[in-house]
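Residue-level listing of the chains:
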Amino acid sequence: MGGGAVALSSGHAPYAHLVDTDAWWKNPRRIKLNLWVLLLLITSYSVGYDGSMMNGLLSLSIFEDQFNHPSGGKLGLFNAIQNIGSLGALPFAPFVTDWFGRRKAILLGAVIMCFGAGVQAGARNLGMFIAARLVIFPTSSVIIQLTLLPFSFCMGFGLAFAANAAPLLISEIAYPTQRAQLTSTYNSLWYSGAIVAAWTTFGTFFIKNSWSWRIPSALQALPSVLQVLLIWFAPESPRWLISKDRDAEAREILAYYHARGNTNDPLVEFEFNEIKEAIRIDREVAANVGYRSLFATPGNRRRMRIIIALAFFSQWSGNGLVSYYLNQVFDTIGITDNTTQLLINGILQIWNLAWALGASALCDKAGRRKLFLSSCAGMLVFFVMQTVCSAQFALTGSKQAAYAVIAFIFLFFASYDIAFSPLPVAYSVEILPYAIRAKGFNILNFTISVAIIFNQYVNPIALKAIGWKYYIVYDCWLAFQLVYCYLFVVETKNHTLEETAMIFDGEDGVKQVFNSGAVVAGKVDTGSHEKISHLDHA
């Protein structure tokens, strides 16, 4: 395709001679840094928790009875309202992140989510009934259902701020050799929330009152409570500090966490000067950085082409059927026992987390492009087999076909998890230059929210109307997805954050940013940058 993207032909990173070769757990400051990163990683917990919690709650007969057995469009709205809340906050999230800093954006989101989860868990009160009074329905159970919606909206609204800032801060403070793995782990930890929710709802299934759904609702606030208490002490992004001309603070943070406190360490010099040069170039290219700048240059349009596509692919690969409506998928193959559904859901989330974390660790060794293509090919094969077996069950009632569907669901998610769990967030963050990173990442989150709303609202209607035949739509989409990734996904492994962002702007951008850091550091293996070749898959 286009020839604007470039990549280093070397197999190792240009800063390899500068990094600390000791294991990170032998360095107390690296341990501390990774603990701060862990505090940021758990933002993803809330997203995964919601999807799995709704799967679990819809398998609780008490919940179903209390909320009048929502189905079709009503069920879709019940699930989608949190993401509708996210859409409401997305226009503001990147401005808060860029103007006030990554930490304050996370704090704001966490506070809002704590409020939303707390009120949602105590849903029956006069205030909520007042909130629902504008809509008149004949039964109190429907009124209670509607009173939950504003607070689900609140959860989504707060999540938009935290989810916009947390991955950026992870990528901007992580030690260079761990950046790709840690940023990839962010989205993989979606399943940590899913696991807690799945097994919590399995446990509360045996509680025969409203606490069977109130307890899971309250536990959604756990990561937000931790962030409200601890985010004050976490380091701010050196890139954000430099962009605000607070160079001394940025250098101090880089030195403390990356060089055992030595402000004159060559790695600190390299990172500091590379960041400054990248921000200077970004300011020259886009003096007025708004949303229009995301599409103002050929390089940015290539970035957006990939980011928007990955956002849709991450939600429209067929995974949304199982993530939010596993109980309905099981109903189509005759598995209707609530306990069995909850148990399979819990096991599936553990399976997913294992595959996603494994892929996160391999993203630098295997490369992003290879993981994306392997994932797309595997998903296509296993979803087609799931479709065939579902059709076989519908036509013959074969139990063997039903069991095969379960097996192919697990294999499908293993394929999904090797790329579309860890990489959409990590890949998007690293290909965006600093000046448009928050806004570009916001486009990813916006597109994901739109795609999820479609999943949550349309999928139950389609499943109810045409059953397994709806899977054929996803079979065709997965084939298109494989071709698209083959044509457009660019390899980015073994680059610093600034160099990766510049790949899409051509050879000169990469050289200029690299040289700025290398000249000052003086100890970089320049041979790794001697050969720069154009990629055909830009």
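Residues numbered from 1 in each chain as written. Predicted model: local features only at pLDDT ≥ 70, side-chain atom pairs only at ≥ 80, totals over all residues. Heavy atoms only, no water.

**What about the overall build of the protein?**
Part 1 of the argument: In terms of regular secondary structure, the protein is built from 25 helices and 2 strands.
Part 2 of the argument: Across the 538 residues in the protein, those meeting the buried criterion constitute 62%.
Part 3 of the argument: Considering only contacts within the protein whose residues lie at least 6 apart along the sequence, 84% involve residues at least 24 apart.
Part 4 of the argument: Here the protein displays about 20000 Å² of accessible surface, and carbon together with sulfur accounts for 66% of that area. (Helix = DSSP H or I, 4+ residues; strand = E, 2+ residues; numbered from the N terminus. Buried < 20%, exposed > 50% of the residue type's maximum accessible area, 1.4 Å probe, protein only. Contact = heavy atoms within 4.5 Å. Areas by Shrake-Rupley, 256 points an atom, 1.4 Å probe, with all protein chains shown as cover.)

**Points about the packing of aromatic side chains**
Part 1 of the argument: Summed over all chains, the structure comprises 27 aromatic pairs.
Part 2 of the argument: Both rings, one in Y484 and one in F488, keep their centres 4.6 Å apart while their planes meet at 55°; by these two values the pair is tilted. One end of the pair, Y484, and the other, F488, are both in helix α23 (residues 471-488), 4 residues apart, so they sit about a helical turn from each other. Here the two residues Y484 and F488 agree in accessibility, since each one is buried.
Part 3 of the argument: Cluster of aromatic residues (ring-pair linked, three or more members): F372, F383, F412, F413, Y416, F420, Y427, Y470, Y471 and Y474. (Phe/Tyr/Trp six-rings, centres within 6.5 Å; stacked < 30°, edge-to-face > 60°.)

**Focus on the pattern of salt bridges**
Side chains bearing opposite charge may pair, as long as their charged atoms lie close to each other.
Part 1 of the argument: Under the counting rule described, the total for this entry stands at 13 salt bridges.
Part 2 of the argument: Between R103 and E236 there is a salt bridge, and its shortest N-O distance comes to 3.9 Å. Of this pair, R103 sits in helix α6 (residues 102-121) while E236 sits in the loop between α12 (222-230) and α13 (238-243), and the two are 133 residues apart along the sequence.
Part 3 of the argument: Assessed through its relative accessible area of 7%, E236 is described here as buried. (Salt bridge = Lys/Arg side-chain N within 4 Å of Asp/Glu carboxyl O.)

**Examining the confidence of the model for the protein**
Part 1 of the argument: Confidence along the protein averages 79 in pLDDT terms, with 77% of residues attaining 70 or more.
Part 2 of the argument: Across residues 1-11, where pLDDT falls below 50, the model places 44 contacts with residues more than four positions away in sequence or in other chains. (pLDDT = per-residue confidence, 0-100.)

**Some words on a nonpolar patch on the surface**
Part 1 of the argument: Residues V225, L226, L229, L230, W232 and F233 make up a contiguous nonpolar surface patch of about 620 Å² in total accessible area.
Part 2 of the argument: You can see L226 is positioned in helix α12.
Part 3 of the argument: Overall, the relative accessible area of 42% leaves L226 in the partly exposed class. (Patch = residues over 30% accessible without salt bridge, like charges linked within 9 Å, V, L, I, M, F, W, Y side chains within 5 Å.)

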